[in-house]
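Summary of the model geometry
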Number of protein chains: 2
Amino acid sequence: MRAAARLFLTRSFQEVGVDEICAAADVRKGSFYYYFPSKVALVRAVIDLHANMLWRALDSVEGDNAVDRLVGMGDAIQAIQSGFEERHGGLVGCPFGNLAAELSRIYPDLASYLASVLGELERRFAVACRAVADEGAWRPGIDPGEFAQSLNAFVQGTILLAKVNRASAAVIGRAFRSMVTMGLRDDIALRASV
Amino acid sequence: MRAAARLFLTRSFQEVGVDEICAAADVRKGSFYYYFPSKVALVRAVIDLHANMLWRALDSVEGDNAVDRLVGMGDAIQAIQSGFEERHGGLVGCPFGNLAAELSRIYPDLASYLASVLGELERRFAVACRAVADEGAWRPGIDPGEFAQSLNAFVQGTILLAKVNRASAAVIGRAFRSMVTMGLRDDIALRASV
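Definitions and limits used
Residues numbered from 1 in each chain as written. Chains lettered and ligands numbered in written order. Predicted model: local features only at pLDDT ≥ 70, side-chain atom pairs only at ≥ 80, totals over all residues. Heavy atoms only, no water. Phe/Tyr/Trp six-rings, centres within 6.5 Å; stacked < 30°, edge-to-face > 60°. Helix = DSSP H or I, 4+ residues; strand = E, 2+ residues; numbered from the N terminus. Buried < 20%, exposed > 50% of the residue type's maximum accessible area, 1.4 Å probe, protein only. Lys NZ or Arg CZ within 6 Å of the ring centre and 35° of its normal. Least-squares fit on C-alpha atoms with pLDDT ≥ 70 in both. Contact = heavy atoms within 4.5 Å. Buried area = accessible area lost by both parts, 1.4 Å probe. Salt bridge = Lys/Arg side-chain N within 4 Å of Asp/Glu carboxyl O. Polar contact = N/O pair within 3.5 Å; in protein donor to acceptor, adjacent residues only side chain to side chain. Nonpolar A, V, L, I, M, F, W, Y, C, P; charged D, E, K, R; others polar. 1 Å grid on protein atoms, 1.4 Å probe; cavity = no way out; pocket = protein on both sides within 12 Å on 5 of 7 lines; lining within 4 Å. Points joined across faces, edges and corners; volume = space filled by probe spheres on them.

Re the packing of aromatic side chains
This structure, assessed with the given rule, holds 14 aromatic pairs over all chains. An angle of 80 degrees between the planes, with centres 6.1 Å apart, marks the rings of phenylalanine 13 of chain B and tyrosine 107 of chain B as edge-to-face. One end of the pair, phenylalanine 13 of chain B, is in the loop between helix H1 (2–10) and helix H2 (18–25); the other, tyrosine 107 of chain B, is in the loop between helix H6 (95–103) and helix H7 (108–134), and 94 residues separate them in sequence. Between the aromatic rings of phenylalanine 32 of chain B and tyrosine 33 of chain B, the centroid separation amounts to 5.1 Å while the plane-to-plane angle is 80 degrees, which identifies the pairing as edge-to-face. The class of phenylalanine 32 of chain B is buried, set by a relative accessible area of 5%. Within the aromatic cluster, the residues linked to one another by ring pairs are Phe8, Phe13 and Tyr107 of chain A. Residue placement shows arginine 44 of chain A over the ring face of tyrosine 113 of chain A; its charged tip is 4.6 Å from the ring centre.

Some thoughts on the relation of the copies chain A and chain B
The two copies are related by a screw motion: chain A maps onto chain B through a turn of 180 degrees and a shift of 0.0 Å along the axis, at an RMSD of 0.0 Å. A rotation of that kind, with that shift, is consistent with a two-fold axis.

Details of the interface of chain A and chain B
At the interface, 45 residues of chain A touch 45 residues of chain B. Around 3600 Å² of area is buried between chain A and chain B when both sides are counted, 60% of it from carbon and sulfur atoms. Our enumeration of links across chain A and chain B arrives at two salt bridges. Between aspartate 186 of chain B and arginine 139 of chain A there is a salt bridge, with the nearest N and O atoms lying 2.5 Å from each other. For the pair chain A and chain B, the interface holds 15 residue pairs in polar contact (both at pLDDT 80 or more). Elements with a contribution of two residues or more to the side of chain A that touches chain B: helix H1 (2–10), helix H6 (95–103), helix H7 (108–134), helix H8 (144–164) and helix H9 (170–183) of chain A. Top element by residues in the side of chain A that touches chain B is H8 of chain A. It accounts for 12 residues. Of the residues belonging to the side of chain A that touches chain B, the class tally is 21 nonpolar, 16 polar and eight charged.

Describing the environment of leucine 160 of chain B
Summarising the element assignment, leucine 160 of chain B is placed in helix H8 (residues 144–164). The exposure class assigned to leucine 160 of chain B is buried, which follows from its relative accessible area of 11%. On a C-alpha basis, the gap between leucine 160 of chain B and arginine 69 of chain B in space is 24 Å, while along the polypeptide they are 91 residues apart. In contact with leucine 160 of chain B, not counting residues within four places along its chain, are Gly97, Ala100, Ala101 and Gln156 of chain A.

Overview of the layout of surface pockets
There is about 780 Å³ of room inside the largest pocket. Arg174, Ala175 and Ser178 of chain A together with Glu146 and Ser150 of chain B are the residues nearest the centre of the largest pocket, which is lined by 28 residues in total. Elements with a minimum of two residues in the lining of the largest pocket: H8, H9 and helix H10 (186–192) of chain A together with H8 of chain B. The biggest single contributor to the lining of the largest pocket is H9 of chain A, with seven residues. Of the residues assigned to the lining of the largest pocket, the class counts are 13 nonpolar, eight polar and seven charged.

In structure tokens, the structure reads:
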């Protein structure tokens, strides 16, 4: 699974065959098919691997107030991308977004699976955005649920553009912070952007 | 080129071979290689085809003021996506974003080419955002160039999530408008969101 995760991230799902995954993991093809009926079955396990890493990272975000904790989610996502960047010599994109772009139309079931993971990420953003609302830090007119949805889209686009522009993962946390700041009350926004 | 554009959008670059493109276009393989040395050379022509369609659509955006013209750019992008949706029975994603996600790491030259097209889109957003600044419609603290960059990322993420969620293209213009509204002065924002 780890070998497949690496190969899918640094190349693409379709470019990498089962033979190559087995060679990289040093397992025989018979063993592969004992655990996974197909490459598509394997990619679901790879998605779970990445998702669990993401939920753990987001669960451990700390902060003195709701705004700091929301901004900390962007930093946690950046930290994961920085890890990929170090290991693979450059940004490789979001594991979910890459597969969604490449495979949504070819494997509708996989698209649903990816949609549920990305939906869970949005739900977590929404919880954090509602906490910001409870502390009264949003500008009037900002709906926490809608803001969470925008933030989710913004994160996907930011990582994709950083990848194609061969930028550093360091742009991700900064972009996230400036997007959050845009929704905050002016007096809070000034504090958060210092 | 049109056959390839359709096949790449509805499936993926890697899933579709030269044989299949030739069959769909009803041309012989010899003719294909007379015009294009490889599938990668063809995809550049396909990118140009999509880019020219996008620039034409954006050039024809009209509006009474800079805010309306900026919001109109989102509607123009939605109209292109609606066209794909009708022809292909569902959202197929951004032609540039799809290829960027799938191929950036495999073909670095193609990544640069896609980065330049997406950079031109950002440049056009920046021109429109500076016009909004000239009319004094942004909230204090909004930098037109940074906002254009955020908007570009937001559009990519919005289209990608709409595709994986099997949403309608109609979400794109609405999301674009709400993102722009977030940057506007409160009195202007109210007018634009009616």
